[in-house]
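Given next are the chains, with one letter for each unit.
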Amino acid sequence: MVINADTKAVSAKENPPRVVALERGGAADYALTGEWTTRTVASVDADMRKLEAEHGEAPLILDLSQVEKIDTAGAWLVERLVTARAAQGSGLTLEGQSQEAAILLDAVHEATQRGEPVPARQEPNFLIAFFETVGRGVYSMRDDFLAAMNILGSTIRGAQMKLGRGHAVNIAAIFNQIDKMGVGAVPVVLLMSTIVGAIVAQQGAFQLRYFGAEIFVVDLVGILVLRELGVLMTAIMVAGRSGSAITAEIGSMRMREEVDALKVIGLNPVGVLVFPRLVALVIALPCLTIIADFAALGGAIVISWFYSGITPAAFIDRLRVGIDVGTVLTGLIKAPFMAMIIGIIASVEGLKVGGSAESLGEHVTASVVKSIFIVIVLDGAFAIFFASIGF
């Protein structure tokens with residue numbers, strides 16, 4: 001409640017907070033008295049709101065000389081009054097505050113200003129947004145390349161189980177990863193390669209039938225599978241199966257701060273987490289490629305027999321004429337490089353995972369997409385290189 005009284009007349013033993021109206025030469029000013037703390041300011045909240053609701057062009061003077069104690073709650077009531085008067089276009093002057101009260105009021109004012117809504121950011125035009133996106137992409141590619149080279153260099157140097165040491169290769173971890181990434185992937189590689197080989201043979205025979213040259217489907221399947229499709233399909237399946245698993249495993253360790261724990265106890269995360277997986281992929285992918293080649297040729301033999309009447313014996317005899325050792329080696333040479341690409345990209349994305357499940361999902365997706373894209377580009381680069389040297 002606002003009380004009309006002289007400033008000197010307001011003196012109570014209990015010192016409750018009050019808003020006192022003063023008469024100074026006809027101008028209506030106010031004084032705050034008592035203790036303005038969290039426990040007491042609720043009693044004067046209604047009075048302060050009445051002052052906020054008052055409209056007038058004359059500036060208001062608020063005397064704080066009789067405030068014995070004030071905390072953040074009391075300072076916030078004063079700041080709320082200041083803000084309300086400023087919104088009305090009326091001035092408000094604070095007088096008589098102690099040094100401590102002035103510091104507290106300034107701090108509350110700054111905190112209130114920081115809490116105000118930020119003006120909406122003006123969207124740049126299309127051209128600027130395009131170049132911004134390109135620039136961010138280039139910097140992201142640079143960071144990924146440097147991280148990949150760091151992992152590749154550490155892997156070439158050795159396991160580095162201990163910082164500064166190049167020994168203690170964990171054979172058991174490598175064989176465990178070969179079992180997970182290689183042996184565990186055999187069923188899906190067999191199934192997919194058999195189906196792809198059968199489809200290529202059926203489509204090739206269907207088209208060559210018009211020319212009376214169905215026997216050449218053997219050459220088509222043999223060269224296409226052994227040089228390109230066998231290793232490419234296997235690498236794509238390994239990227240989707242094992243690459244995502246690597247990113248998820250390392251990313252989960254990052255989320256649980258297990259990677260930081262390895263550094264604390266003196267172990268190199270690259271040696272402990274990345275090295276066994278890279279070695280396992282380099283060993284497993286060529287083996288899976290051989291299995292995929294045999295599965296695709298087996299599917300092609302079955303389809304050619306039933307669809308075109310080419311017996312398995314005739315298929316194998318023609319296959320010996322159509323391919324040579326170079327055709328087989330062309331596909332196998334690509335496999336270790338593709339394995340390194342998949343493992344490095346998966347490890348880089350795993351080490352970039354933040355502390356949220358959303359970040360883990362984003363980087364697992366990025367790992368698979370980037371791995372498949374780079375694998376296809378690498379396969380094309382090898383095809384151009386082998387063609388240029390006549391291999």
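These numbers come from a predicted model, not from an experiment.

J.: Looking at this structure, I do not really get the overall build of the protein chain. What am I missing?
T.: Scanning the protein chain from terminus to terminus reveals 12 helices and five strands. Here the protein chain holds 391 residues, and the buried ones make up 39% of them. Residue pairs in contact within the protein chain that sit at least 24 positions apart in sequence constitute 77% of those at least 6 positions apart. Counting only carbon and sulfur atoms, one obtains 65% of the accessible surface of the protein chain, whose full area is about 21200 Å².

J.: I keep staring at the environment of leucine 262 and nothing clicks. Help me out?
T.: You can see leucine 262 is positioned in helix α8 (residues 258-264). Residues leucine 262 and leucine 273, 11 residues apart in the sequence, show an inter-C-alpha distance of 9.9 Å. With sequence-adjacent residues up to four places away left out, leucine 262 is seen in contact with Leu267, Pro269, Val272 and Leu273.

J.: What exactly am I supposed to notice about empty space enclosed by the protein here?
T.: A water-sized probe, rolled over the atoms, reveals where empty space remains. Scanning the model with the defined rule gives one cavity of 30 Å³ or more in all. The computed volume of the largest cavity comes to approximately 30 Å³. Considering the residues around the largest cavity, the lining is formed by Ser193, Val196, Leu229, Gly230, Met233, Ala292 and Ala296. Elements that contribute at least two residues to the lining of the largest cavity include exactly α6 (186-208), α7 (217-255) and α9 (269-308). The leading source of residues in the lining of the largest cavity is α7, at three residues. Looking at the lining of the largest cavity, its residues break down into five nonpolar, two polar and no charged.

J.: Is there a simple way to think about the packing of aromatic side chains in this case?
T.: Any pair of aromatic rings gets described here by the distance separating the centres and the angle formed by the planes. Scanning the entire structure with this criterion turns up six aromatic pairs. When the centroid spacing of 5.8 Å and the interplanar angle of 85° are considered together, the rings of phenylalanine 206 and tyrosine 210 count as edge-to-face. Using a relative accessible area of 35% as the deciding quantity, one classes phenylalanine 206 as partly exposed. Owing to a relative accessible area of 62%, tyrosine 210 belongs among the exposed residues under this scheme. Members of the aromatic cluster, joined through ring pairs, are Phe337, Phe382, Phe385 and Phe386.

J.: Could you clarify how one ought to interpret the side chain of serine 242 in this entry?
T.: Within the secondary structure, serine 242 sits in helix α7. Those residues within four positions of serine 242 in sequence are excluded, and the remaining contacts are Met181 and Leu281.

J.: How should the side chain of aspartate 219 be read in this particular structure?
T.: Among the secondary structure elements, aspartate 219 is positioned in helix α7. For aspartate 219, a relative accessible area of 14% translates into the label buried. Aside from chain neighbours lying at most four places away, what touches aspartate 219 is Arg318 and Gly322.

J.: Explain helix α1 (residues 45-53) to me, please; I cannot follow it from the model alone.
T.: Residue pairs three or four apart in sequence face the same way in an α-helix, which turns once every 3.6 residues. Among all positions in α1, only Asp47, Met48, Leu51 and Glu52 are buried. What you see down the axis of α1 is that its buried residues fit within an arc of 145°, all on one side.

J.: Help me understand the environment of aspartate 317 in this model?
T.: For aspartate 317, the location among the structural elements is in helix α10 (residues 312-322). For the pair formed by aspartate 317 and valine 218, sequence separation is 99 residues and the distance between their alpha carbons is 9.5 Å.

J.: How do you make sense of the nonpolar core when you look at a structure like this?
T.: Within soluble globular proteins, side chains that are nonpolar generally end up buried alongside one another. If you look at the biggest cluster of nonpolar residues, it comprises 37 residues, and the most contacted ones within it are Val274, Leu281, Leu285 and Ile342. Take this core: its biggest share by element is 10 residues, from α9. Sequence-distant contacts of isoleucine 342, that is, excluding residues within four places in its chain, are made with Ala235, Val238, Ala239, Gly243, Leu281, Ser371 and Val375. Val44, Leu60, Leu62 and Leu64 belong to the second-largest nonpolar core, a separate cluster that totals 22 residues.

J.: Is there a simple way to explain the confidence of the model for the protein chain in this structure?
T.: Caution is warranted with low-pLDDT regions, since their predicted coordinates should not be read in detail. Averaged over every residue, the pLDDT of the protein chain is 81; residues scoring 70 or more account for 87%. The least confident element of the protein chain is strand β1 (residues 2-4), whose mean pLDDT is 40; the most confident is α6, at 90. Here residues 1-13 is a poorly scored stretch, pLDDT under 50, and it has 22 contacts once near neighbours within four places are set aside; other chains count.

J.: Is there a simple way to explain the layout of surface pockets in this structure?
T.: The volume enclosed by the largest pocket comes to roughly 520 Å³. Looking at the largest pocket, it is lined by 18 residues, and the ones nearest its centre are Asp144, Ala148, Ile341, Ile345 and Ile374. Of all the elements in the fold, those that place two or more residues in the lining of the largest pocket are α4 (126-157), α11 (325-351) and α12 (357-389). Looking at which element gives the most residues to the lining of the largest pocket, the answer is α11, with seven residues. Split into classes, the residues belonging to the lining of the largest pocket amount to 15 nonpolar, no polar and three charged.

Rules used in this analysis
Residues numbered from 1 in each chain as written. Predicted model: local features only at pLDDT ≥ 70, side-chain atom pairs only at ≥ 80, totals over all residues. Heavy atoms only, no water. Helix = DSSP H or I, 4+ residues; strand = E, 2+ residues; numbered from the N terminus. Buried < 20%, exposed > 50% of the residue type's maximum accessible area, 1.4 Å probe, protein only. Contact = heavy atoms within 4.5 Å. Areas by Shrake-Rupley, 256 points an atom, 1.4 Å probe, with all protein chains shown as cover. 1 Å grid on protein atoms, 1.4 Å probe; cavity = no way out; pocket = protein on both sides within 12 Å on 5 of 7 lines; lining within 4 Å. Points joined across faces, edges and corners; volume = space filled by probe spheres on them. Nonpolar A, V, L, I, M, F, W, Y, C, P; charged D, E, K, R; others polar. Phe/Tyr/Trp six-rings, centres within 6.5 Å; stacked < 30°, edge-to-face > 60°. Arc of directions from axis to C-beta. Core = buried A, V, L, I, M, F, W, Y, C linked by side-chain atoms within 4.5 Å. pLDDT = per-residue confidence, 0-100.

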